[in-house]
Amino acid sequence: MQSINQGILGNKREDMPHTRLAKEVLIRALMDSLGSLSSTSGGTKSQLSILRSQAKDFFSMTKPRFRLICDIAMAEPSYVIKIHQSLTEHNKRGDLKKFSLKVVVAKCIDHL
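Residues numbered from 1 in each chain as written. Predicted model: local features only at pLDDT ≥ 70, side-chain atom pairs only at ≥ 80, totals over all residues. Heavy atoms only, no water.

Attention now moves to the confidence of the model for the chain. Looking at the chain, pLDDT values average 86 and 82% of them are 70 or higher. When pLDDT is averaged over each element of the chain, helix α4 (residues 64-72) comes out on top at 96 and helix α1 (residues 4-10) at the bottom at 50. Contacts for the low-pLDDT stretch residues 1-6, under 50 throughout, to residues beyond four places or in other chains number two contacts. (pLDDT = per-residue confidence, 0-100. Helix = DSSP H or I, 4+ residues; strand = E, 2+ residues; numbered from the N terminus. Contact = heavy atoms within 4.5 Å.)

Following this line, the structure appears as structure tokens:
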């Protein structure tokens, strides 16, 4: 029988709960910045616009919280920013309309 510590120590870092949680934070921020706000976001149009703007602003090398989340997610911040820029551009052109945005974003982050 394995102890809790043996189970934790035997896991790869990318499989650790905190790593997965950090990746989910990146996914949610990408979704919010692309305008795919969750139904639980609620709020007025103005509040949703502010949320989207804040999500876009999150993706910056000058933001310590962004760099921390990337570090925990085992992701290079500059690469995550490139993903954000690319998805934003494709979304503006309408290239992603045929796809589930959540699936596309999750695939990008899962491959970090």
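The next subject is the packing of aromatic side chains. By the definition in use, this model includes three aromatic pairs. Between F58 and F59 the ring centres are 5.3 Å apart and the planes differ by 80°, which places this aromatic pair in the edge-to-face class. The pair F58 / F59 is uniform in exposure class, with both members buried. Ring centres 5.4 Å apart and planes at 90° place the aromatic pair F58 and F66 in the edge-to-face group. The buried category is assigned to F58, whose relative accessible area is 17%. The rings of F58, F59 and F66 are connected pair by pair, giving a single aromatic cluster. (Phe/Tyr/Trp six-rings, centres within 6.5 Å; stacked < 30°, edge-to-face > 60°. Buried < 20%, exposed > 50% of the residue type's maximum accessible area, 1.4 Å probe, protein only.)

Our next topic: the packing of helix α2 (residues 17-33) against helix α6 (residues 101-110). Each pair of packed helices can be described by the angle between their axes along with the distance between the axes. α6 packs onto α2 with a crossing angle of 140° between their chain directions and a minimal axis gap of 10 Å. Classified by the angle their axes make, α2 and α6 are oblique. Note on packing geometry: the crossing formed by α2 with α6 is right-handed. Seen from α2, the contacting residues are R20, K23, E24, L26, I27, L30 and M31; seen from α6, they are L101, K102, V105, A106, I109 and D110. Classifying every residue of the contact of α2 with α6 by side-chain character gives eight nonpolar, no polar and five charged. (Axes fitted to C-alpha atoms, helices over the stretch in contact; angles between N-to-C directions. Parallel < 35°, antiparallel > 145°, perpendicular 65-115°, else oblique. Left-handed = near helix turned anticlockwise from the far one by under 90°. Nonpolar A, V, L, I, M, F, W, Y, C, P; charged D, E, K, R; others polar.)

It is worth spelling out the environment of D95 at this point. Looking at the secondary structure, you find D95 in the loop between α5 (77-93) and α6. At a separation of 2.8 Å, a polar atom in the side chain of D95 contacts the side chain of R93. (Polar contact = N/O pair within 3.5 Å; in protein donor to acceptor, adjacent residues only side chain to side chain.)

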